[in-house]
Amino acid sequence: MLKQVAEGVLVHESEFIQRNSVVVQGRAGVLLIDPGITTAEMAALANDLRELGQPVVAGFSTHPHWDHVLWHAAFGDVPRYGTARCADSLQDLLSHTDWKSRVAGVLPPEFAGEIPMDLLGLITAVPAAAAQIPWDGPKVRIIEHQAHAPGHAALLVEERGVLVAGDMLSDILIPFLDLEAANPTEDYLAALLLFESVADDVAAVVPGHGSVGGAEQLRARIKQDHAYVRALQDGGEPDDPRVGPSAPLEWLPDVHRWQLQRLAQKARNETPE
Ligand SMILES: [Zn+2]
């Protein structure tokens, strides 16, 4: 089911950890951002769009994690964009003959049989210095940063005041750092600064997982995520309800402890003997 969040911008929420797909209406059809998870829900979305007379004319994946790079044949054979780093990372994955079993290893077991792998990750890089998605519709600015995953991009639909945040700025998830990166916490704080720099132009923020928020929510989430990452840097316990004693997602405090551990390990490995 599609819900409108601004004129010409619609959101579909998956069952899988409230994952949001975003549809932006253009002149000849729609831009589909992070299409969905299961075969059935993507087929239903394709059907809804067909009924609205809005074919998919382009796709975009915010970052190279499996739940953002799926596709369904019913969306059609259209360009599916991502940043150059996102495309590189996926090309690298797909170059391994055992890529399907690698991906299968990280799928949530309750959905594993329903996730279509055939068209996974077929992403075309937007031209290197492109500041916007090349398509026939409202200007969609690409805000690339290195938090959470290599070549992660948030998208700002400027005329509509909508920030599509990818796996950032969630009300239900804590910041998940890219722990393979050289400076995971610095990368994260830098991305939050970028969001702060566009906050005046945003009326609605759509996180990859969680609820759509308004302008005030955007500022509150930036602040909350900033405090969480600073707490990680200090190796301390954040005062954050998402990982507190009554955390709504009971597995999230484990992710938090794991992030703390990995950062401490990293710091030890980098300390000269
Ligand atoms: Zn992700």
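Just so you know, these numbers come straight off a predicted model, no measurement behind them.

Draft legend 1. Expanded view of the coordination of the zinc ion. Those protein atoms acting as donors to the zinc ion are His63 (NE2), His65 (ND1), His148 (NE2) and Asp167 (OD), and they sit at 2.1 to 2.2 Å. Bound by 4 donor atoms, the zinc ion shows angles of 91 to 170° at the metal and therefore irregular coordination geometry. As a motif over one chain, the donors of the zinc ion read H-x1-H-x82-H-x18-D. In this pair, His63 is assigned in the loop between strand E5 (56-60) and strand E6 (80-82) and Asp167 in the loop between strand E10 (162-166) and helix H4 (184-198), connecting sequence segments 104 residues apart.

Draft legend 2. Quick peek at the nonpolar core. Ranked by size, the top nonpolar core spans 32 residues in total, and within it Leu163, Met168, Leu169, Tyr188, Leu192, Phe195 and Leu218 carry the most contacts. When contributions to this core are tallied by element, the ones reaching two or more residues are strand E9 (152-157), E10, H4, helix H5 (215-233) and helix H6 (252-270). If you tally residues by element for this core, the top one is H4, at 6 residues. Apart from the residues within four sequence positions on either side, Leu218 is in contact with Leu163, Leu169, Ala199, Val202 and Val205. With 28 residues, the next largest nonpolar core counts Phe16, Ile37, Ala46 and Leu70 among its residues.

Draft legend 3. Region of interest: the side chain of His152. For His152, the position within the fold is in strand E9. Note on His152: relative accessible area 0%, which makes it buried. Those residues within four positions of His152 in sequence are excluded, and the remaining contacts are Thr62, His63, Ile143, Glu144, His145, Ala147, Ala165, Gly166, Asp167 and Met168.

Draft legend 4. Representation of the layout of surface pockets within the structure. Taken as a whole, the largest pocket holds about 1,300 Å³ of empty space. Considering the residues around the largest pocket, the lining is formed by 43 residues, among which His65, Trp66, Asp67, Val106 and His148 are closest to the centre. Mapped onto the lining of the largest pocket, the elements with two or more residues apiece are helix H2 (84-94), helix H3 (99-104) and H6. In the lining of the largest pocket, the residues fall into 26 nonpolar, 8 polar and 9 charged.

Draft legend 5. Highlighting the packing of aromatic side chains. What the rule picks out here adds up to 1 aromatic pair. Ring geometry for Trp71 versus Phe75: centroids 5.1 Å apart, planes at 65°, classification edge-to-face. Comparing Trp71 with Phe75, the two get one shared label, buried.

Draft legend 6. Here's a closer look at the sheet that holds strand E2 (residues 9-13). Here we have 7 strands laid out as an open sheet, ordered E1-E2-E3-E4-E5-E6-E7, and mixed in their pairing. Two strands in the sheet have a free side with no partner beyond their single neighbour: strand E1 (2-6) and strand E7 (124-125). Across 5 bridges, the pairing between E2 and strand E3 (residues 20-25) is antiparallel. Note that in E3 the partner of Val9 across the bridge is Val24. Helix-sheet contacts for helix H1 (residues 39-51) involve E1, E2, E3, strand E4 (30-33) and E5, and the interaxial angle to E1 is about 65°.

Draft legend 7. Summary view of the side chain of Gln54. Within the element layout of this structure, Gln54 appears in the loop between H1 and E5. The class for Gln54 is buried, based on a relative accessible area of 17%. When neighbours within four sequence positions are excluded, Gln54 is seen to be in contact with Gln25, Gly29, Val30 and Leu49.

Draft legend 8. Up close: the sheet that holds E10. Spatially, E8-E9-E10-E11-E12 is the arrangement adopted by the 5 strands of the open sheet, whose pairing is mixed. Edge positions in the sheet fall to strand E8 (140-145) and strand E12 (213-214), since each has one partner strand and no second. Note that E9 and E10 share 3 bridges and pair antiparallel. Note on E10: the bridge partner recorded for Leu155 is Val164.

Draft legend 9. Spatial organisation of H1. For H1, which comprises 13 residues, the first-to-last C-alpha distance of 18 Å matches the rise-based estimate of 18 Å (1.5 Å per residue) to within 8%. Here H1 has its buried residues at Glu41, Met42, Leu45, Ala46 and Leu49. For H1, the angular spread of buried residues about the axis comes to 140°, placing them on one side. Structural note: H1 exposes Ala40, Arg50 and Glu51 on the side pointing more than 90 degrees away from its buried face.

Draft legend 10. Broad picture of the pattern of salt bridges. As enumerated under the stated definition, the model contains 12 salt bridges in all. For Lys139, the salt bridge identified is with Glu158, shortest N-O distance 3.7 Å. A residue pair is termed long-range when its members are at least 10 positions apart, and Lys139 in the loop between E7 and E8 and Glu158 in the loop between E9 and E10 qualify at 19 residues. The class for Lys139 is partly exposed, based on a relative accessible area of 34%. By relative accessible area, which is 30% here, Glu158 ends up partly exposed. Through salt bridges with shared partners, one network takes in Lys139, Arg141 and Glu158.

So, how was this worked out
- Residues numbered from 1 in each chain as written.
- Predicted model: local features only at pLDDT ≥ 70, side-chain atom pairs only at ≥ 80, totals over all residues.
- Heavy atoms only, no water.
- Donors = N, O, S within 2.8 Å, 3.2 Å for Na, K, Ca; no water.
- Tetrahedral: all angles 85-135°; square planar, octahedral: opposite > 155°, others 65-115°.
- Helix = DSSP H or I, 4+ residues; strand = E, 2+ residues; numbered from the N terminus.
- Core = buried A, V, L, I, M, F, W, Y, C linked by side-chain atoms within 4.5 Å.
- Buried < 20%, exposed > 50% of the residue type's maximum accessible area, 1.4 Å probe, protein only.
- Contact = heavy atoms within 4.5 Å.
- 1 Å grid on protein atoms, 1.4 Å probe; cavity = no way out; pocket = protein on both sides within 12 Å on 5 of 7 lines; lining within 4 Å.
- Points joined across faces, edges and corners; volume = space filled by probe spheres on them.
- Nonpolar A, V, L, I, M, F, W, Y, C, P; charged D, E, K, R; others polar.
- Phe/Tyr/Trp six-rings, centres within 6.5 Å; stacked < 30°, edge-to-face > 60°.
- Pairing = 2+ DSSP bridges.
- Axes fitted to C-alpha atoms, helices over the stretch in contact; angles between N-to-C directions.
- Expected span 1.5 Å × (residues − 1).
- Arc of directions from axis to C-beta.
- Salt bridge = Lys/Arg side-chain N within 4 Å of Asp/Glu carboxyl O.

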